[in-house]
Amino acid sequence: MRFEEIKQQEAANIMPTYGRFPVALVSGKGAVAKDCDGKEYVDFTSGIGVNSLGYCDEGWVKAVSQQAATLQHISNLYYSPVQTALAEKLCQLTGFSKVFFGNSGAEANECAIKLARKYSHDTYGAERGEIVTLRNSFHGRTVTTLAATGQDGLHTNFAPFTEGFRYAEAPTMEAVSACVTENTCAVMIEFIQGEGGVIPLSQAFVESLHAYCTENELLLIADEVQTGVGRTGALYAFQKFGVTPDILTSAKGLGGGLPIGACLCGEKLDAVMTGGTHGSTFGGNPVVCAGALEVLARVSNPAFLRQVEEKGAFLREKLEAMDEIADVRGMGMMLGAVLKTKEAKTVVAQCAAQGLLLLTAKDKLRFLPPLTISDEELCRGLTILESVLKN
Ligand SMILES: *Cc1c(COP(=O)(O)O)cnc(C)c1O
């Protein structure tokens, strides 16, 4: 199909919630995608941090297609050895003891919110259900995870929202403690705010927050939907910060391209969600879990994670050397670049036209390449970016 036909079909039949680039992608290999006219694009987005192993990785395709040809779905009324194997692997690699599987980041966070509230209600009484999140955070698009998201711009049109969220105005202990009341049960953070502009928390703040939560019997929830699964050079960013949250959520990169969300907790919380308190029809689907098992097997390898660090450092160095770039933030292969004079949105549109897929995060350029990107693919993309920034 020609691009114009696809565009018309989209306009006719899909709710216009997305501002799309004039690119229709039809195939891909590694970090290179092809559009409907056969034009190639180097991909620095990995589908917003999803395709951790790139497009159509051989091992991932084999795992997923073998499972699809064996048993595609069974519902959670029955046991699945693929789902149990993934849960065991996730627990082994993170030190947590229980997992709930959903289908997205928002669903993983919904589970985290329900888990924190139920634990607090069970332990301290029904009033104690407030959660503090940070200004500029992003936790999802469902009504409750939007309420958890500390961005006023997203709190329009859909009232009434779920109650019980307060937003700390800055990542400081003063701002967090100003939001804590006798009814607070948890504090929820992203180690690096992704959608909010690739803004990492400081090591000192994370440590103080952890100590404060312990002292005040508050649960610490880490939304690692974007920072997880090798993205920062550690399997999960909490391992880099050396601070273990009570609840961890993971999604995006975990499935390697198929929808999955996971909410993990340790022993303290592992008996809170009892029979009938939560569920998901598709959660822990065997095909998705088979893909995620392959992703984890590969990404958890120390040599793989070292390469993420190295490639991230290389990318950062090249970006810092570009005249138009004022500053680079982030960790591993989750980077944001501050531009001196140009508008990020315009640069990303120009890059797309020149054959490079890039993201923005607020006013920054955002880089989330597949973790498997080769040096040659990185250089090819950087050359395009450099020429766009020079014009
Ligand atoms: C993307 C994202 C979400 C939402 O994930 P979905 O899969 O789109 O529901 C939640 N939290 C963070 C930190 C994210 O980056």
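No experiment lies behind these values; they were computed from the predicted model shown.

### A closer look at the site of the ligand
Moving on, step 1. All residues adjacent to the ligand are S104, G105, A106, N109, F138, H139, G140, E190, D223, V225, Q226 and K252.
Moving on, step 2. Here an oxygen atom of the ligand and a backbone polar atom of G105 are 2.8 Å apart.
Moving on, step 3. Between the ligand and K252, the relevant distance is 2.6 Å, taken from an oxygen atom to a side-chain nitrogen or oxygen of the residue.
Moving on, step 4. Alone, the ligand offers 390 Å² of accessible surface; in the complex the protein occludes 82% of this.

### What to know about the packing of helix α3 (residues 58–68) against helix α10 (residues 286–299)
Moving on, step 1. Remark: α3 packs on α10, axes separated minimally by 8 Å, with the N-to-C direction vectors making an angle of 155 degrees. The angle between the axes of α3 and α10 places the two elements in the roughly antiparallel class. Judged by the sense of rotation from one axis to the other, the crossing of α3 with α10 is right-handed. Together, G59, W60, A63, V64, Q67 and A68 of α3 and P286, V287, A290, G291, E294, V295 and R298 of α10 make up the contact between the two elements.

### Some thoughts on helix α8 (residues 203–215)
Moving on, step 1. Along its 13 residues, α8 runs 19 Å from first to last C-alpha, staying within 8% of the 18 Å computed at 1.5 Å per residue.
Moving on, step 2. Buried residues of α8: F205, V206, L209, Y212 and C213, and no others. Down the axis of α8, the smallest arc covering the buried residues is 130 degrees, so these residues share one side. Opposite the packed face of α8, turned more than 90 degrees from it, sit the exposed residues A204, T214 and E215.
Moving on, step 3. Check the buried side of α8 and you find it contacts β5 (130–134), α7 (173–179), β7 (184–189), β10 (219–223) and α9 (237–241).

### Some words on the UniProt feature "binding site: N(2)-acetyl-L-ornithine" (unreviewed entry) in the protein
Moving on, step 1. Residues annotated in UniProt with the feature "binding site: N(2)-acetyl-L-ornithine" (unreviewed entry) correspond here to R141 and S280.
Moving on, step 2. When its relative accessible area of 61% is taken as the criterion, R141 is described as exposed.
Moving on, step 3. Here R141 is in contact with A106, L146 and L154, once residues within four sequence places are set aside.
Moving on, step 4. A relative accessible area of 17% means that S280 is categorised as buried.
Moving on, step 5. Sequence-distant contacts of S280, defined by excluding residues within four places in its chain, comprise N76, F100, F101, G102, N103 and E107.

### So, the sheet that holds strand β4 (residues 98–102)
Moving on, step 1. Overall, mixed pairing links the 7 strands, which are arranged β4-β12-β11-β10-β7-β5-β6 in an open sheet. Sheet topology places β4 and β6 (165–168) at the edges, where each strand pairs with a single neighbour. The average angle at which neighbouring strand axes cross in this sheet is 20 degrees, direction not considered.
Moving on, step 2. When β7 meets β10, the two strands line up parallel, connected through 4 bridges. Of the residues in β10, the one forming a bridge with M188 is I221.

### Digging into the UniProt feature "binding site: pyridoxal 5'-phosphate" (unreviewed entry) in the protein
Moving on, step 1. The residues that UniProt annotates with the feature "binding site: pyridoxal 5'-phosphate" (unreviewed entry) are G105, A106, F138, D223, E224, V225, Q226 and T281. The named residues occupy 177 residues along the chain; their greatest pairwise C-alpha distance, 25.1 Å, places them well apart from one another.
Moving on, step 2. On the secondary structure map, A106 appears in helix α5 (residues 105–124).
Moving on, step 3. Discounting residues that sit within four places of it in the chain, A106 has contacts with H139, G140, R141, T142 and T145.
Moving on, step 4. Looking at where E224 falls in the secondary structure, it is placed in the loop between β10 and α9.
Moving on, step 5. Setting aside residues up to four positions removed in sequence, E224 forms contacts with F191, Y236, A237, F238, L248, T249 and S250.

### Topic: the sheet that holds strand β15 (residues 356–357)
Moving on, step 1. Strands sit in the order β1-β2-β3-β15 across an open sheet of 4 strands; the sheet is mixed. Of all strands in the sheet, those bounded by a partner on one side alone are β1 (25–29) and β15.
Moving on, step 2. The pairing of β1 with strand β2 (residues 32–35) spans 4 bridges and is classified as antiparallel. What sits directly across from L25, in β2, is D35.
Moving on, step 3. Running at roughly 105 degrees to strand β3 (residues 40–43), helix α13 (residues 375–390) makes contact with β1, β2, β3 and β15 of the sheet.

Conventions adopted
- Residues numbered from 1 in each chain as written.
- Predicted model: local features only at pLDDT ≥ 70, side-chain atom pairs only at ≥ 80, totals over all residues.
- Heavy atoms only, no water.
- Near = heavy atom within 4 Å.
- Polar contact = N/O pair within 3.5 Å; in protein donor to acceptor, adjacent residues only side chain to side chain.
- Areas by Shrake-Rupley, 256 points an atom, 1.4 Å probe, with all protein chains shown as cover.
- Axes fitted to C-alpha atoms, helices over the stretch in contact; angles between N-to-C directions.
- Helix = DSSP H or I, 4+ residues; strand = E, 2+ residues; numbered from the N terminus.
- Parallel < 35°, antiparallel > 145°, perpendicular 65-115°, else oblique.
- Left-handed = near helix turned anticlockwise from the far one by under 90°.
- Contact = heavy atoms within 4.5 Å.
- Expected span 1.5 Å × (residues − 1).
- Buried < 20%, exposed > 50% of the residue type's maximum accessible area, 1.4 Å probe, protein only.
- Arc of directions from axis to C-beta.
- UniProt positions renumbered as here; feature names shortened; annotations may be inferred.
- Pairing = 2+ DSSP bridges.

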